[in-house]
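# An overview of the molecular structure
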Amino acid sequence: MPVITFANTKGGAGKTTAALILATELARSGARVTILDADPQHWISHWHDISGKVPNIEVISYVTMASIQTHINDNRATTDYFIIDLAGARNTLMATAIGLSDHVMIPIQGCAMDAKGGAQVLELLGHLEEKAGIRIDHSVVLTRVNSLVTTRALQVVKQLLSERAVRVLDTPIIERAAFRDVFDCGGTLQTMDPLRVSNLDKACQNARAFGDEVRQLVPLRLTRNMRRAA
Ligand SMILES: Nc1ncnc2c1ncn2[C@@H]1O[C@H](COP(=O)(O)OP(=O)(O)O)[C@@H](O)[C@H]1O
Ligand SMILES: [Mg+2]
C-alpha cells in the first residue's frame, strides 16, 4: 500500500484538488483508495459527505500526530493506495506524514510560478535525506495550468526544476471547471453532467493521464517497507 502525500506549505497551491483527482482516478481504475483528510478546511470530507458512497473510496476525516501511523497501519490490508491531503502549513503533522510516505507530490501552480511553498517541502525532504539518511521519492506536479499556456512556458519551469534535480510530472493539471465543481456536486468526473460542465471530457482525459503517470511512478508493489526490507 503506497502512501502518497500532497504537500506544499502554501494554501491554494492545488493540493486538495490534485489529491481528489488522483484518488477518484485510481478508484475508477479499480484500486481501493483511502484518503486521509488532514486539511483543516476538510474539503475532501465535505465532498465525501455529499457524494454518498463512492466505489473504492474511504475517507478518514480526523487525524492527529498520534493517530496518523495507526491509520496507515490499520488500512494496509484493505487499501491499495493511501493518499494524504495536508494543510497549507509547515507543521509537525506535515513532517510526520512526509516521513511515512512512499512518494510526496508537491503541487505548484504552473501559472503563478510561486514555488516558495514547494521549495519548503523540498528543503524538508533534503534535510531528511542528509541528516537522517531517509530518501523519500517525490515529484512536483504543476497545477491550475491554463489550457492555453504554451508547452514552451511549461518546459521552462521544468527545466528550472530539473536543474535542481527535481522531477516534474509530464502531466500538468489544467485549470478546469470540472475540477472545481466536483467539490460542489459530489461524486466523480464520471458522474458529472457533460451538458452542464464545460470541457468535462478534457478534464477526464487529464485526470486519466495524471493517474497513469502516478501509477507508473508509484506502482502498487513498491512500498517503502518492502524497499527497506529489500
Ligand atoms: N486544476 C484546477 N482547476 C480549477 N480550479 C482549481 C484547480 N486546482 C485548484 N483549483 C481551485 O483553486 C483553489 C485552491 O485549490 P486547493 O486544491 O484547495 O489548494 P490547496 O489544497 O493547496 O489549498 C480552490 O478554489 C480550487 O477549486
Ligand atoms: Mg487543501
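Cut-off values and rules
Residues numbered from 1 in each chain as written. Chains lettered and ligands numbered in written order. Predicted model: local features only at pLDDT ≥ 70, side-chain atom pairs only at ≥ 80, totals over all residues. Heavy atoms only, no water. Helix = DSSP H or I, 4+ residues; strand = E, 2+ residues; numbered from the N terminus. Rg over C-alpha atoms; globule rule 2.2 N^0.38 Å. Contact = heavy atoms within 4.5 Å. Areas by Shrake-Rupley, 256 points an atom, 1.4 Å probe, with all protein chains shown as cover. Lys, Arg positive; Asp, Glu negative; His and termini not counted. Charge placed at Lys NZ, Arg CZ, Asp CG, Glu CD. Donors = N, O, S within 2.8 Å, 3.2 Å for Na, K, Ca; no water. Buried < 20%, exposed > 50% of the residue type's maximum accessible area, 1.4 Å probe, protein only. Core = buried A, V, L, I, M, F, W, Y, C linked by side-chain atoms within 4.5 Å. Near = heavy atom within 4 Å. Polar contact = N/O pair within 3.5 Å; in protein donor to acceptor, adjacent residues only side chain to side chain. 1 Å grid on protein atoms, 1.4 Å probe; cavity = no way out; pocket = protein on both sides within 12 Å on 5 of 7 lines; lining within 4 Å. Sits in = over half its atoms within 2 Å of the grid points.

### Some remarks on the overall build of the protein chain
- Within the protein chain, the regular secondary structure consists of nine helices and six strands.
- Taking 230 residues into account, the globule formula puts the C-alpha radius of gyration at 17 Å, and the protein chain, at 17 Å, falls close to it.
- Each principal axis of the C-alpha atoms in the protein chain carries an extent, and together these give about 55 × 40 × 30 Å.
- Intrachain contacts of the protein chain at a sequence separation of at least 6 include 76% that bridge at least 24 residues.
- Carbon and sulfur atoms form 53% of the exposed surface of the protein chain, whose accessible area is close to 11,000 Å².
- Here the protein chain carries 25 positive and 23 negative side-chain charges, and the mean point of each set is 4 Å from the other.

### Comments concerning the coordination of the magnesium ion (ligand 2)
- Protein coordination at the magnesium ion (ligand 2) comes from T16 (OG1) and D39 (OD), with a distance range of 2.1 Å. On the criterion of sequence distance, the pair formed by T16 in helix 1 (residues 15-28) and D39 in the loop between strand 2 (33-38) and helix 2 (43-51) is long-range, its members being 23 residues apart. An identical accessibility class is assigned to T16 and D39; each is buried.

### Considerations on the nonpolar core
- Counting residues in each nonpolar core, the largest one holds 38 residues, and the members touching the most others are F6 and F210.
- Counting residues per element, the ones that place at least two in this core are strand 1 (3-6), helix 1, strand 2, helix 2, strand 3 (57-60), strand 4 (81-86), helix 7 (177-185) and helix 8 (200-217).
- Among the elements that take part in this core, helix 1 stands out by supplying eight residues, more than any other.
- Once residues lying within four places of it in the same chain are set aside, the contact partners of F210 are F6, A18, I21, L22, V141, L169, T171 and I173.
- With 34 residues, the next largest nonpolar core counts V3, L100, L128 and V140 among its residues.

### A look at the site of ligand 1
- Neighbouring residues of ligand 1: 14 residues in total, closest G12, K15, T16, T17 and I174.
- I174 places a main-chain nitrogen or oxygen 2.9 Å from a nitrogen atom of ligand 1.
- For ligand 1, a nitrogen atom lies 3.0 Å from a polar atom in the backbone of R176.
- When isolated, ligand 1 has an accessible area of 550 Å², and the protein chains bury 83% of it.
- According to the grid-proximity analysis, the pocket containing ligand 1 is the largest pocket.

### What about the environment of Y62?
- Tracing the sequence through the fold places Y62 in the loop between strand 3 and helix 3 (68-75).
- Sequence spacing of Y62 and D39 is 23 residues, and the spatial spacing of their C-alpha atoms is 9.4 Å.
- When sequence neighbours within four positions are dropped, the list of residues in contact with Y62 reads H42, S67 and H71.

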